[in-house]
Amino acid sequence: MDDLDKLRYPIGRFERLKRPLDQAARVGVIDDIERAPAVLRQLVVGLADAQLEAPYRPGGWTIRQVVHHVPDSHMNAYVRTKLAVTEDTPSIRTYEEGRWAELPEARSAPVGMSLDLLAALHRRWVAFLRALPEREFEKTFIHPEWGRVTLDEAIAMYAWHGRHHAAHVRQALDRR
């Protein structure tokens, strides 16, 4: 991994699952999803607007953009997981995350609204995941780039995603 990749992927790249999660691993992944909003909030609480404008790497998103991106991404993930459970291998669509991060509210809105949204979303998502029978985690959706994705793999990826962006915020704070 070169220096830019180390800045882009401070916890490493997500590695696709080779087998389903066992129950203990699944509980750990869901626990990570549950903790993500509080971790992100704790990292940015009390930061001034000027601090929120610090990029996590040269040419990268600002802390503010990262905070707004996480609920954007996780709302899509929540819908994808529900589609996988309620439909027969649905094809999902992607979204232009880079363009979403450039929209006016992602560039300038207070981060509190996205932190509140993320907390509420994760409470609902975790309640949904914890209530699912184990066999439901084998259900899949079709992603245009990844192909067939099981619910296990999707939640593992989004648990990683929360940790990944928390590491970006830590990185930006360490850089200043």
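In short, a report on the structure. This is a predicted model, so every value here is computed, not measured.

Moving on: the pairing of strand β1 (residues 140–143). Of the strand pairs in this sheet, β1 and strand β2 (residues 147–150) are connected by four bridges, and their pairing is antiparallel. Across the sheet, the residue bridging to Ile-142 is Arg-148, located in β2. Between β1 and β2, which follow one another and run antiparallel, lie three residues.

On to the packing of helix α4 (residues 63–86) against helix α7 (residues 111–131), then. What describes two packed helices is the angle between their axes and the distance between those same axes. Between α4 and α7, whose axes approach to 9 Å, the crossing angle comes to 25°. Judged by the angle between their axes, α4 and α7 are roughly parallel. α7 is crossed by α4, and the crossing has left-handed handedness. Seen from α4, the contacting residues are Arg-64, Val-67, His-68, Val-70, Pro-71, His-74, Met-75, Ala-77, Tyr-78, Thr-81, Lys-82 and Val-85; seen from α7, they are Val-111, Met-113, Ser-114, Leu-115, Leu-117, Leu-118, Leu-121, His-122, Arg-124, Trp-125 and Phe-128. Split by residue class, the contact of α4 with α7 holds 15 nonpolar, five polar and three charged.

So, on to the packing of helix α2 (residues 23–44) against helix α8 (residues 151–175). For the pair α2 and α8, the least separation of the axes is 9 Å and the interaxial angle reads 25°. Taken together, α2 and α8 sit at an angle that is classed as roughly parallel. At the point where α2 passes α8, the crossing takes the left-handed sense. Where α2 abuts α8, its residues Arg-26, Val-29, Ile-30, Asp-32, Ile-33, Val-39, Leu-40, Leu-43 and Val-44 lie against Asp-152, Ile-155, Ala-156, Ala-159, Arg-163, Ala-166, Val-169, Arg-170 and Leu-173. Of the residues in the contact of α2 with α8, the class split is 13 nonpolar, no polar and five charged.

Core analysis: the biggest nonpolar cluster contains 22 residues, and Val-29, Ile-33, Trp-125, Leu-129, Leu-132, Phe-137 and Ile-155 have the highest contact counts within it. Of all the secondary structure elements, the ones that give two or more residues to this core are α2, α4, α7 and α8. Element by element, the count of residues in this core is highest for α8, at seven residues. In this structure, Leu-129 is in contact with Ile-30, Ile-33, Phe-137 and Ile-155, ignoring residues within four places of it in sequence. Ranked by size, the runner-up nonpolar core spans 20 residues in total, among them Val-44, Val-66, Val-70 and Leu-173.

Following the sequence through the fold, Arg-41 ends up in helix α2. Residue Arg-41 is classed as partly exposed on the basis of its relative accessible area of 31%. Sequence-wise, Arg-41 and Leu-173 are 132 residues apart; in three dimensions their C-alpha atoms are separated by 14 Å. Residues in contact with Arg-41, not counting those within four places in the same chain, are Leu-115, Asp-116 and Ala-119.

On to the packing of aromatic side chains. Taken as a whole, this structure holds three aromatic pairs when the rule is applied. Ring geometry for Trp-125 and Tyr-158: centres 6.2 Å apart, planes at 65°, overall edge-to-face. You can see Trp-125 sitting in helix α7 and its partner Tyr-158 sitting in helix α8, a full 33 residues away along the chain. One residue, Arg-26, lies across the ring of Phe-137, its end atom 4.4 Å from the ring centre. Sitting over the ring of Phe-128, Lys-82 keeps its end group 5.3 Å from the ring centre.

Summed over all chains, the structure comprises 14 salt bridges. As a salt-bridge pair, Glu-53 and Arg-64 come within 2.6 Å of each other at their nearest N and O atoms. Of this pair, Glu-53 sits in the loop between α3 (49–52) and α4 while Arg-64 sits in helix α4, and the two are eleven residues apart along the sequence. We classify Glu-53 as partly exposed; its relative accessible area is 34%. On the basis of relative accessible area, Arg-64 is assigned to the buried category, the value being 3%. Three or more residues are tied together by salt bridges with common partners; here these are Arg-26, Glu-134 and Asp-152.

Each value, and the rule that gives it
Residues numbered from 1 in each chain as written. Predicted model: local features only at pLDDT ≥ 70, side-chain atom pairs only at ≥ 80, totals over all residues. Heavy atoms only, no water. Pairing = 2+ DSSP bridges. Helix = DSSP H or I, 4+ residues; strand = E, 2+ residues; numbered from the N terminus. Axes fitted to C-alpha atoms, helices over the stretch in contact; angles between N-to-C directions. Parallel < 35°, antiparallel > 145°, perpendicular 65-115°, else oblique. Left-handed = near helix turned anticlockwise from the far one by under 90°. Contact = heavy atoms within 4.5 Å. Nonpolar A, V, L, I, M, F, W, Y, C, P; charged D, E, K, R; others polar. Core = buried A, V, L, I, M, F, W, Y, C linked by side-chain atoms within 4.5 Å. Buried < 20%, exposed > 50% of the residue type's maximum accessible area, 1.4 Å probe, protein only. Phe/Tyr/Trp six-rings, centres within 6.5 Å; stacked < 30°, edge-to-face > 60°. Lys NZ or Arg CZ within 6 Å of the ring centre and 35° of its normal. Salt bridge = Lys/Arg side-chain N within 4 Å of Asp/Glu carboxyl O.

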